[in-house]
Amino acid sequence: MTSKQRAYLKSLAAPLESTLQIGKSGLTPEVTEAVREAFNTRELLKINVLKSCMDDIRTTADILSERTASQVVQVIGKKIVLYKESRDNKKIELP
């Protein structure tokens with residue numbers, strides 16, 4: 001993903017509400033499955049990591065993207081933004 005594409009996805013993600021939350025249990029198989037299911041309906045996900053989660057956020061984002069075959073767009077504060085290209089024709093057109 002180019003920096004221009006990443007910047008475009010960041011601009012699309014800014015107004016989005018968080019789709020999922022990761023709590024004190026951290027990155028469980030259930031959270032991973034919920035992210036996979038969310039990618040069935042959208043390409044861009046914003047995930048909120050709660051303060052009770054003691055895991056490193058950047059590491060969590062990397063592991064989650066690896067498990068779901070997605071790409072980390074941004075990790076900012078306690079938010080993770082992931083992108084996975086859709087197989088449907090409802091794709092986000094990247095520059």
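Everything numeric here is computed off the predicted structure, so don't read it as measured data. All residue numbers refer to position in the chain's written sequence, counted from 1. Local features in this predicted model are restricted to residues whose pLDDT is 70 or higher, and side-chain atom pairs enter the listing and the counts only when it is 80 or higher, whereas totals over whole chains, interfaces and linings include all residues. Calculation of side-chain values draws on the structure's entire complement of heavy atoms; hydrogens and water are dropped beforehand.

(A) Spatial organisation of the pairing of strand 2 (residues 44-49). Partly exposed residues are those whose accessible area sits between 20% and 50% of the maximum for their type, while under 20% is buried and over 50% is exposed, using a 1.4 Å probe and protein chains only. Helix numbers and strand numbers start at the N terminus; a helix is a DSSP run of H or I with at least 4 residues, a strand a run of E with at least 2. Counting buried positions along strand 2 yields six of six residues, so the element is predominantly enclosed. Along strand 2, one buried face is formed by L44, K46 and N48 and the opposite face, lined by L45, I47 and V49, is buried too. Pairing between strands is defined by DSSP: at least two bridges between the two strands are required. Note that strand 1 (residues 20-22) and strand 2 share three bridges and pair parallel. By the bridge assignment for strand 2, Q21 is matched with N48.

(B) Main features of the environment of D62. Among the secondary structure elements, D62 is positioned in helix 3 (residues 57-68). Expressed as a C-alpha distance, the spacing of D62 and T28, which sit 34 residues apart in the sequence, is 14 Å.

(C) The nonpolar core, seen in detail. Here the nonpolar core consists of buried residues drawn from Ala, Val, Leu, Ile, Met, Phe, Trp, Tyr and Cys, with membership extended through side-chain atoms lying within 4.5 Å. Residues I22, V35, I47, V49, L64, I80 and L82 are the most contacted members of the largest nonpolar core, which totals 17 residues. Taken together, the elements giving at least two residues each to this core come down to strand 1, helix 2 (29-38), strand 2, helix 3 and strand 4 (79-83). Sequence-distant contacts of V35, defined by excluding residues within four places in its chain, comprise L20, L45, I47, L64, T68 and L82. Membership of the second largest hydrophobic core comes to six residues, among which are A13, L44, V73 and V81. A contact between two residues is defined here by any heavy atoms of the two lying within 4.5 Å.

(D) Up close: the sheet that holds strand 3 (residues 71-76). With respect to topology, four strands assemble into an open sheet ordered 1-2-4-3, the strand pairing being mixed. With one partner strand each, in any of the chains shown, strand 1 and strand 3 form the two edges of the open sheet. Direction aside, the axes of adjacent strands within the sheet are offset by 25 degrees on average. Strand direction decides the pairing type here: strand 2 and strand 4, joined by five bridges, are antiparallel. The residue bridging N48 from the neighbouring strand is K79, located in strand 4. Structural elements are reduced to axes, namely lines fitted to C-alpha atoms, with helices fitted over the stretch in contact, and the angle between N-to-C directions of any two is expressed from 0 to 180 degrees. Where helix 1 (residues 3-13) meets the sheet, its contacts fall on strand 2, strand 3 and strand 4, and the angle it forms with strand 3 comes to roughly 60 degrees. On the sheet, helix 3 packs against strand 1, strand 2, strand 3 and strand 4 and is oriented at approximately 165 degrees with respect to strand 3.

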